Structure formats: structure tokens, C-alpha cells
Amino acid sequence: MGNVSQLFGKDNKQQDYSIQEDSIQDLACLWISRMDRGLSASEQQELVEWCKQKTQHHNALLEMASYWDDLSVLNELSDLFPLIQPKVGNQRNKFSAIALAASVAIISIIGLNTFVNESFLPYLPSYHEQTLTQTQTLKTQVGEQTSFTLQDGSQIQLNTNSLIIVDYSPTQRLLTLVQGEARFDVAKDKNRPFTVTVGEKSFTALGTIFNVQRNNNQAMELVVTEGKVLITKATTSITDIKDTLLSVSTAFMPDILEATLVISGEKAVIAENSAPITKTPVEKVSLDQINRDLAWQQGMLIFEGEPLSMALAEISRYTSSNFEIVDSKLSELTVAGYFKAGDIDGLLTSLQSNFGIIYRKNSSGTILLSSAE
């Protein structure tokens, strides 16, 4: 699918909900991301109605579900369509079995026509509401960094190999960071919180600048460079979050809401996605450290004494090249300096001139590093 796909038609008088195939896939991916955080009763009804509109809709939904790597999505499908009977087997086979059963369930619901009534017909937003509505998929490839401006003026800078789903409505601005890292420069809107969901955690602001990195399915980092960001469970009511953000100051009391407040110049590191919100470690960081952590936004990587093995792991995020340290004693060699993201030739030249490290490529293209001694 493309980097950016707008899902809503340009003519607000259109009521046929006709969209292109890639847009159907984008919207199906959006529904899966909603399942990942849990659907409300109204959203469940809306999803069934959407699947009823076109066969391509429910086919795309099941296809996207088969590629999602979070079992909570499958649980949501099982709850929504009770006819699902997962088979024993590997994870991929489970996806296929559930997708097939879900398809049967949807067809059954459509055939009986008892699950929905006129009150659940597709909602056609007013022109004003359409200007507040936006659904997009934003993506970068390995080594690519791209900036996007959303319709409210908020800006997103995506780092290498990142994927974000944008779901704007008249009441909230919800984004799901599926993978990678992004900088968010949020346009101020006290009535519509800006929330970035990562697995079981959410990061919400009314207008600020912050950076979120998803290291893997469990670990993530938040750096706030302006304003304040509230960390909560992804299932926390957006109304509760908004009321809390509007009422609290830097003297935030966690008993108001299960949450952690991070302000400008602070960094929060979450090692376990399921860890208690109130136990999230927050530290004050220097400007130099912030500049180092966010150097990727200028296309640079900064190292200040990290082991070579750690530095290579970070560098590998920006290139399809793989590294292998042949001499184990080189792994703990500390490196420092500025490197242009993706500049492998410059890195190898620096390692050779400063540390006497020689390199060669094997038949699979892996770069082997060894000592010249």
C-alpha cells in the first residue's frame, strides 16, 4: 500500500462508500488496530455494518488479521463472532482458521439480518465533522525518514522502518504506532486530545512536542521536548484523560488517574508493555542527551562511549546491511562520534582508520568485522 492513503471521498454528498482497493486495506488495518486496543459496543456494531457493505471489506479485514502479530486481535474476533473455533496448530494456521470462521460468521450475520437495524446504518458526517476526520496509514522503509503534516496542522516525522495508523474523529486524535519511531509536533486543541497508542500504553497530549520509539513488542521510550504528555493504559477513557490533562499541573498526583505525567526535558523508559503505569521510571535529561537521543531527526547518529556491538545494532536500523563481529574482543570496544544514518562506507572507513578494524563481505552480503592483528 502507499505511504499515505486518504480513505474519505472528496464529495460529502457521496453515500455509496465506494473506495479503492488500497484504501479498503488501509481501513481494514485501522479496524485491526482498534481491535488491538479493544472495541466498544458501538464500534463492534459499526464494524459489522462495514463488513456488510461489501464482500471486499470483510475479506480485507480477515487478511489483515492474518498478518497481525498480537493475539488480542484474535480474541476480539472470537468475542465479536462466537462461531469461531480456532484449531490447534502453529500461529499462522491459527490465523487462517480464525479468519475462515470469522468469514462464515459475518456471512451468517448478513444473511439473518438480525444483528443490525436502521439505527446502525452508516453514519454520514457533516461537512464540519469531515474536516475533523482523517484516516491514514503512514509508513517509511528501512533507511527512509519522512515528514507528514496532518489536516489539523500537527506534524509527524517518521524514522526508519516505521508504521503509524492515523484515526482522527471530531472528538479525538488517535494514532497507533505499530512499529518504529516518530516525532510528534502536536497542534494545540484542548477539546481533542492527541493520543499515540503503543500496545497496552498510550501517550496523550493536547499540544506539545514529543518522541516515541517502539523498540519491540514490550519496550518503548518517550522523550518530551515541549509541554507535557500523560502515559496511561490504552483502554483509559479519552474523557478521563482530557479532564486530567486540563486540570493537572507538574504537581500531578497519580491517585487522580492511573497515569504518569512526563514534562519537557524528561524521558520515560518502559521496559515491559504490561508494567504498571505508576511505576514507569521518569528521569530528567540534559539537553545534550536529548540531542543525542533525537539526532536521527537531523539524519545523524551520535555515540558517546557505547560498545561497538550496541552501536552496530543501532546503525543496522538504518540499512539493510548486516554486521557480524568475528573477533569477540571487539564487541566491547567503545566508540564515540557522529555518523550519518545509513552511511555504511563512512562507518567502515572510520573503524578501520581509528581502530584498525578490517572488514569483508561474505557470500550472503553480511559485513564481517575483525582485528587487523
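Bear in mind the structure is a predicted one, so any value in this text is a computation, not a measurement.

Student: How would you sum up the overall build of the protein? Please name residues and give values.
Tutor: In terms of regular secondary structure, the protein is built from ten helices and 18 strands. Carbon together with sulfur atoms contributes 49% to the accessible area of the protein, which is approximately 18,600 Å² in total.

Student: Could you give an account of helix α2 (residues 41–53), naming the residues involved and the relevant values?
Tutor: With 13 residues, α2 ought to run about 18 Å at 1.5 Å a step, and its terminal C-alpha atoms sit 19 Å apart, in line with that. What α2 keeps buried is the set E43, L47, V48, E49, W50 and C51.

Student: Which residues make up the sheet that holds strand β15 (residues 323–325), and what are the values?
Tutor: To summarise the sheet geometry, strands pair through backbone hydrogen bonds and adopt either a parallel or an antiparallel arrangement. Sheet architecture is open: three strands sit in the order β15-β18-β17, paired in mixed fashion. Two strands in the sheet have a free side with no partner beyond their single neighbour: β15 and β17 (357–361). Between one strand axis and the next, the sheet turns through 25° on average, direction left out of account. Bridge count for β15 against strand β18 (residues 367–371) is three bridges, and the pairing is parallel. Residue pairing in the sheet places I325 in a bridge with L369 of β18.

Student: Explain the pairing of strand β10 (residues 228–233) residue by residue, including any values.
Tutor: Looking at chain direction, strand β7 (residues 201–205) and β10 are connected through four bridges and run antiparallel. Residue pairing for β10: K201 is matched across the bridge by K233. With four bridges connecting them, β10 and strand β11 (residues 260–263) associate as antiparallel partners. Note on β11: the bridge partner recorded for K228 is I263.

Student: Residues and numbers for the nonpolar core, please.
Tutor: Judged by nonpolar contacts, the single largest core of 29 residues is most densely connected at I164, L175, F184, F203, F210 and L222. If one sorts the elements of this core by residue count, strand β5 (residues 173–185) sits on top with four residues. Ranked by size, the runner-up nonpolar core spans 24 residues in total, among them V285, L294, V335 and F339.

Student: I'd love a proper account of the packing of aromatic side chains, names of residues and values included.
Tutor: Summed over all chains, the structure comprises four aromatic pairs. With centroids separated by 6.5 Å and ring planes inclined at 80°, the aromatic side chains of F194 and F210 adopt a geometry described as edge-to-face. Taken together, the residues span a long stretch of sequence, with F194 in strand β6 (residues 194–198) and F210 in strand β8 (residues 209–214) at a distance of 16 residues. Residue F194 is classed as buried on the basis of its relative accessible area, which comes to 1%. In this structure an aromatic cluster arises from ring pairing among F184, F194 and F210.

Student: An account of the side chain of T280 is needed here, citing residue identities and associated values.
Tutor: When you line up the elements, T280 lands in the loop between β12 (266–270) and β13 (282–284). By relative accessible area, T280 is classed as buried at 12%. Within the structure, T280 has its side chain in polar contact with the backbone oxygen of I277 (distance 2.8 Å). When neighbours within four sequence positions are excluded, T280 is seen to be in contact with I231, T260, A268, V269 and I270.

Parameters and conventions
Residues numbered from 1 in each chain as written. Predicted model: local features only at pLDDT ≥ 70, side-chain atom pairs only at ≥ 80, totals over all residues. Heavy atoms only, no water. Helix = DSSP H or I, 4+ residues; strand = E, 2+ residues; numbered from the N terminus. Areas by Shrake-Rupley, 256 points an atom, 1.4 Å probe, with all protein chains shown as cover. Expected span 1.5 Å × (residues − 1). Buried < 20%, exposed > 50% of the residue type's maximum accessible area, 1.4 Å probe, protein only. Pairing = 2+ DSSP bridges. Axes fitted to C-alpha atoms, helices over the stretch in contact; angles between N-to-C directions. Core = buried A, V, L, I, M, F, W, Y, C linked by side-chain atoms within 4.5 Å. Phe/Tyr/Trp six-rings, centres within 6.5 Å; stacked < 30°, edge-to-face > 60°. Polar contact = N/O pair within 3.5 Å; in protein donor to acceptor, adjacent residues only side chain to side chain. Contact = heavy atoms within 4.5 Å.

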